Amino acid sequence: MTVSLVLALAAFLILSSSAGGSTGLGTTGAYWSGLAQTKSVSFKLYVAAVDCGRVRHANYVGQRNGAELFDSATAGSGPLRPFDFVGYDSFCHAGRPAYRVGFEISNPGARTLRFRPAGFGASPGDPLVVTITVRGARTLLSIRNLNTHRSANASGPSLGLGTSWAAGVLPLFAGATGRPLLRGTVPLVQEYSLTGAPNTDLGPAPFAPVVFGDFRVSGSRLTYNRRRIGASAWFGSTGNRVHVTHPSDGAFIAIGRLKPPRLGKTLDATPVTGTSLYEGPGGHRFHKLSRGGQIPNGSTIDTTHGQVQLTLGLPNGRSETGVFYAGRFQLHQNRRTGATTAILPGGSNANVCALSQSGGGAVSIASKPRLVASAAKAKGKGKGKGKPKGKGKPKSKGKKLDSLWANAHGTFTTQGSGGAAAVLGTKWFTENTCAGTYFKVVRDTLRVTVYYPHVHTVVVKQGHSLFAPNEAPEISVSPVSATGGRYNVQLSGYYELTVIASQQPYYVDAAVAPQLPLGGNDALYPDGAVGGTPRWHIIFHITPNLGNFQDWNVGVRDSGLLYVVKLRVS
């Protein structure tokens, strides 16, 4: 199904005028005068996901995302407005999303509009660098995918002396059958007229915020000036509305039904594929991200069975976006700097490591310390080193806990127990294990901060990986002997639990084996140091009622991970 170009009359754009011009763009009311001829437009554009899960019919539904130069000219018996566009099309068909990078180039003399694909693809989260330059009698267009390092160039005849520009989310051109025009040539008509071809598809499809950055017009960063630029909203045929935020420091976002994200307070989350869940800070229930929504900073996001695109606000009116999938993480954004950290959780009931393995997780536990932690409080149930590795298969160590894939640029960091990886523009994998944190770079570069044996930074390049080991705590119980991996303790006895670790550990009270310790957390007391590493201890009591079962498990929580200490009562 196609609709007339009348939809383009309300297309969402940021518009500038030609020098001294006064001709309007149809009925948009967004054509401004007073600017000199546009010599060039350049910017960075991030591919935004379209949510096709809510597009129920088989028609093509979508939009164009990018920028164009345009001008008024006289050809034949009527006015034309030839334009040159570069960017990407995003659309849904039969419930599936598609992203196509390409050009649209006018030839005013021949009265034609040519559609030319760029020859490479794009995925949500990919940053595209776009330039359009007027050079003599030619208009030069280029686009580059910073993730894949693929690029394409195109050129066309000059559009005239009064070249203007437009940028944002525009209607998607379509052929007679409704299929989007991605290649070929059609007659050139007034883009904002009520008659002629090409037609446009239904649109826009629901989409993640479209982030524009470093936007420059004739070399100068774009800022908002109502006398020099104008904006209009697109009320699409699908019922979706598109509007734009005021440009600041060369940045703005095109946004649909969501509100712009707020620095350090909220973020926009849009499903890309599959099913993703989120839980607010301090919450106890996960909610399905069935459509794009705004969630609070500090939320836990579960993308084990899906992908989600996150868009966050930055200082000075800027924004950043990234895609995360195949894992669970807690997202924190610094309210001052905008730095964003995806923290892999550790220490859940299923993520327990043996004492012979080292840490895992980035969760801190706070509790008021007490002198004696009594094992009798437990309710029994049931019966009784820093260098990046080469290419090849991931070689993580220890029991695997949590993992996460990411495709992002900007200030994003993924954090595990053994280290943290700051993105330098990349697609990367992070995995927490009982022995440490594993990082693998698929594209571009990561800067990994390794925590142990001393804090240092390693740059990991594409195709390489790095394993950042955890510091292994030393745990012992005295005065007792051990048999078969269990400490032999006596009823009514008092015993000292000692831990040598850099951070303060916590005692977790007893549960009948094979259950995990479930009691409250009691901080261990400082007790000097061994070889420069702090030593901690606590006294626990084996009360007479523990004799009902022979095997018990107490725990030590260190760096967010639960270590099980096995006891045998006699």
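Bear in mind the structure is a predicted one, so any value in this text is a computation, not a measurement.

A.B. asks: Would you take a moment to explain the state of the cysteines for this structure?
C.D. replies: In a disulfide, the sulfur atoms of two cysteines are held together by a covalent bond. Considering all chains together, one arrives at one disulfide under this definition. The disulfide partner of Cys52 is Cys92, and the gap between their sulfur atoms is 2.0 Å. Across the S-S bond linking Cys52 and Cys92, the dihedral sits near -85°, which makes this disulfide left-handed. Taken together, the residues span a long stretch of sequence, with Cys52 in the loop between strand E2 (40-46) and strand E3 (61-70) and Cys92 in strand E6 (residues 83-93) at a distance of 40 residues. Judged on exposure class, the residue Cys52 and its partner Cys92 are both buried.

A.B. asks: When you look at a nonpolar patch on the surface in this model, what are you seeing that I'm missing?
C.D. replies: Together, Tyr451, Tyr452 and Val455 line one region of the surface with nonpolar side chains, adding up to about 280 Å² of accessible area. As for its placement among the helices and strands, Val455 is situated in the loop between strand E34 (436-450) and strand E35 (456-461).

A.B. asks: Would you explain the side chain of Thr426 in this entry?
C.D. replies: By the secondary structure assignment, Thr426 is in strand E33 (residues 419-433). When sequence neighbours within four positions are dropped, the list of residues in contact with Thr426 reads Asn147, Ala406, Asn407, Ala408, His409, Val441, Arg443, Asp444, Thr445 and Leu446.

A.B. asks: Sorry if this is basic, but what is going on with the nonpolar core here?
C.D. replies: When a protein is soluble and globular, its nonpolar side chains tend to lie buried together. Ranked by internal contacts, the top residues of the largest apolar core, which has 52 residues, are Phe43, Tyr88, Phe103, Ile143, Trp165, Val210 and Phe215. Contacts of Ile143, omitting those with residues within four sequence positions, involve Val86, Gly87, Val101, Phe103, Ala118, Phe120, Leu128, Val129, Val130, Arg150, Ser151 and Ala152. Grouped together as the second largest cluster of nonpolar side chains are 30 residues, Tyr278, Val308, Leu310 and Leu446 included.

A.B. asks: What's the story with the confidence of the model for the protein chain in this structure? I'm lost.
C.D. replies: A low pLDDT means the predicted coordinates there should not be read in detail. Residues at a pLDDT of 70 or more form 79% of the protein chain, whose mean pLDDT is 79. In this model residues 1-12 is a low-confidence stretch, pLDDT under 50, and it forms 58 contacts with partners more than four residues away in sequence or in other chains.

A.B. asks: Is there a simple way to explain the environment of Val499 in this structure?
C.D. replies: Within the secondary structure, Val499 is located in strand E40 (residues 494-500). Between the C-alpha atoms of Val499 and Tyr525, which are 26 residues apart in sequence, the distance is 9.8 Å. If sequence neighbours within four positions are ignored, Val499 has contacts with Pro473, Glu474, Ile475, Pro505, Leu524, Pro534, Arg535, Trp536 and Val556.

A.B. asks: Looking at this structure, I do not really get the pattern of salt bridges. What am I missing?
C.D. replies: Note that side chains of opposite charge can pair when their charged atoms are close. For the structure on display, the rule yields eight salt bridges. Two residues, Asp214 and Arg216, come together in a salt bridge whose shortest N-O distance is 3.1 Å. A relative accessible area of 36% means that Asp214 is categorised as partly exposed. Owing to a relative accessible area of 26%, Arg216 belongs among the partly exposed residues under this scheme. Between Asp249 and Arg221 there is a salt bridge, with its nearest N and O atoms 4.0 Å apart. Highlighted residues: Asp249 in the loop between strand E20 (241-244) and strand E21 (252-255) and Arg221 in strand E17 (residues 220-221), separated in sequence by 28 residues. A relative accessible area of 33% means that Asp249 is categorised as partly exposed. Since its relative accessible area comes to 37%, Arg221 is described here as partly exposed.

A.B. asks: Explain a positive patch on the surface here, please?
C.D. replies: A surface patch of like charges, here positive, comprises Lys259, Arg262, Lys265 and Arg335. Relative to the helices and strands, Arg335 resides in the loop between strand E27 (328-333) and strand E28 (340-343).

A.B. asks: Can you walk me through the pairing of strand E46 (residues 561-569) in this structure?
C.D. replies: Successive side chains on a regular strand alternate, one facing one side of the sheet and the next facing the other. The element E46 is largely enclosed, with a buried count of seven among its nine residues. Judged from the three bridges that link them, strand E39 (residues 486-489) and E46 form a sheet pairing that is parallel. For Val489, the partnering residue across the bridge sits in E46 and is Val569. Hairpin connection, strand E45 (residues 551-558) to E46: the antiparallel pair is bridged by two residues, and Ser559 has positive phi, about 55°.

A.B. asks: In this structure, what is going on with the side chain of Asp126? I would like to understand it.
C.D. replies: Locating Asp126 in the fold gives a position in the loop between strand E8 (112-117) and strand E9 (127-135). Here Asn145 takes part through its side chain, which lies 3.2 Å from a polar atom of the side chain of Asp126. A polar atom in the side chain of Asp126 sits 3.1 Å from the side chain of Asn407. Discounting chain neighbours no more than four positions away, the residues touching Asp126 are Leu45, Tyr46, Val47, Asn145, Asn147, Asn407 and Arg443.

The rules behind the values
- Residues numbered from 1 in each chain as written.
- Predicted model: local features only at pLDDT ≥ 70, side-chain atom pairs only at ≥ 80, totals over all residues.
- Heavy atoms only, no water.
- Disulfide = S-S within 2.5 Å.
- Helix = DSSP H or I, 4+ residues; strand = E, 2+ residues; numbered from the N terminus.
- Buried < 20%, exposed > 50% of the residue type's maximum accessible area, 1.4 Å probe, protein only.
- Patch = residues over 30% accessible without salt bridge, like charges linked within 9 Å, V, L, I, M, F, W, Y side chains within 5 Å.
- Areas by Shrake-Rupley, 256 points an atom, 1.4 Å probe, with all protein chains shown as cover.
- Salt bridge = Lys/Arg side-chain N within 4 Å of Asp/Glu carboxyl O.
- Contact = heavy atoms within 4.5 Å.
- Core = buried A, V, L, I, M, F, W, Y, C linked by side-chain atoms within 4.5 Å.
- pLDDT = per-residue confidence, 0-100.
- Lys, Arg positive; Asp, Glu negative; His and termini not counted.
- Charge placed at Lys NZ, Arg CZ, Asp CG, Glu CD.
- Pairing = 2+ DSSP bridges.
- Polar contact = N/O pair within 3.5 Å; in protein donor to acceptor, adjacent residues only side chain to side chain.

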